[in-house]
Amino acid sequence: MFYKTALATSVMILSAGLAQAEESYRIGITQNNVGVDSYQTTYESAFEKAAAEHGNVDVVVLDAGGDVARQIGQVRNLIQQRVDAIIIWPTNGQAVIPAIRQAHKAGIPVVVTNSKIAEAGLDYIAAFSGPDNVQQGASSAEMMCEALDGEGQIVQIAGQPGYTTAMERSKGFEDKLAEACPGVELVETQPADWNREKAQRVMENFLTKYDDIDGVYAGDDNMGVGALNAAKSAGRADEIVFIGATNFAVGYEAIERGEYYGSIYQSPVDDAEAALQTALDVLAGEEVPKMNFFETPKITADNLAEFDKPVF
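(A) A look at the environment of I117. Here I117 lies in the loop between β6 (110-113) and β7 (127-130). For I117, the contacting residues outside a window of four places in its chain are P90, G93, V96, I100, V112, L122 and I125.

(B) Representation of the packing of aromatic side chains. In the structure shown here, the tally under the stated rule is 10 aromatic pairs. Note on F248 and F312: the rings are 5.1 Å apart at their centroids and 70° apart in plane angle, and the pair reads as edge-to-face. Note that F248 is positioned in the loop between β11 (241-243) and α9 (249-257) and F312 in the segment after β14 (298-300), a separation of 64 residues in sequence. Overall, F312 belongs to the buried group, its relative accessible area being 9%. One Lys or Arg, R101, reaches over the ring of Y124 and ends 5.7 Å from the middle of that ring.

(C) Summary view of the state of the cysteines. Under the definition given, this model contains 1 disulfide. Here C145 is linked by a disulfide to C181, with a sulfur-sulfur distance of 2.0 Å. Across the S-S bond linking C145 and C181, the dihedral sits near -65°, which makes this disulfide left-handed. A residue pair is termed long-range when its members are at least 10 positions apart, and C145 in helix α5 (residues 133-148) and C181 in the loop between α6 (164-180) and β9 (184-191) qualify at 36 residues. The class for C145 is buried, based on a relative accessible area of 11%. Overall, C181 belongs to the buried group, its relative accessible area being 3%.

(D) Seen up close, the pairing of strand β8 (residues 152-158). Across the 7 residues that make up β8, a large majority, 5, are buried. Here β8 runs beside β9; their pairing, made up of 7 bridges, is parallel. Directly across from V155, in β9, lies its bridge partner E188. Assessed by its sense of winding, the connection that carries the chain from β8 through α6 to β9 is right-handed. Pairing geometry for β8 and strand β10 (residues 215-218), over 4 bridges, is parallel. Residue Q156 lies in a different strand from β10, and its bridge partner there is Y217.

(E) The arrangement of unusual backbone geometry in detail. Backbone geometry at R82 places phi at a positive 60°, although glycine is not the residue there. Phi angles above zero are rare outside glycine, and D193 is one such case at about 55°. Overall, the relative accessible area of 27% leaves D193 in the partly exposed class.

About the criteria used
- Residues numbered from 1 in each chain as written.
- Predicted model: local features only at pLDDT ≥ 70, side-chain atom pairs only at ≥ 80, totals over all residues.
- Heavy atoms only, no water.
- Helix = DSSP H or I, 4+ residues; strand = E, 2+ residues; numbered from the N terminus.
- Contact = heavy atoms within 4.5 Å.
- Phe/Tyr/Trp six-rings, centres within 6.5 Å; stacked < 30°, edge-to-face > 60°.
- Buried < 20%, exposed > 50% of the residue type's maximum accessible area, 1.4 Å probe, protein only.
- Lys NZ or Arg CZ within 6 Å of the ring centre and 35° of its normal.
- Disulfide = S-S within 2.5 Å.
- Pairing = 2+ DSSP bridges.
- Right-handed = clockwise from strand over helix to strand, strands pointing away.

See below:
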């Protein structure tokens, strides 16, 4: 049975047999910003479904709406509720550390999901579960080198400034690009906050500013397709290679049409299930690695058929 309010979703499945065989847990999760994109919406649904399937898990699902202060308040509220564990998708990897430290002092294990916190907070968490965003950026750089044969001029459309995922993907991409193909020049980077329409406007400005753009790297496919749309409107899409990360349905379809070179396959369902399982493993007293990365392979036209079209 599901109980929904504007701020939280509490899922509680009662099973007499499981209640006798397994200990019941109450786990709170505070997400970054469910309304920002369909990835987080799908993650939330998958998390609730996974909790229900376990049968002995009661979860409280909160959304910070991108507001750091709200998320800190949500963590403190979960501490007051004495939940067994807290999962946090941080709005800001540095600012949330005091709240995580407070949970640690209260004896409540914290699992960070999807986007890492700053290094200073690692002593206060039980584990991280999610993608390796630095490696994702590096993999995208490898595809860019391959697509441009090591030569060209490119631009980058980054995610939300100050957000760990955005910074890590950019770092991974830039470092690998410089190492693997120094003949490819990154001439400018601008943020688009994970928003397709804003990415389209950023790309329009790039197209006005630069006569020669050989490639575009976008921090996710939502922004990448925004850039593609701008280039198509300007009649320049055929001369540009588009590469993204976090393969959205629109990116998958663009690869299928031959308009988009490649991306990184990342499942919000895997993301959610991994976070919940990591928390349950911690609560069960199992030895859990501090960093738990799930696989995020490259996806191009060559291997597209091996992957299901994303539902987000």
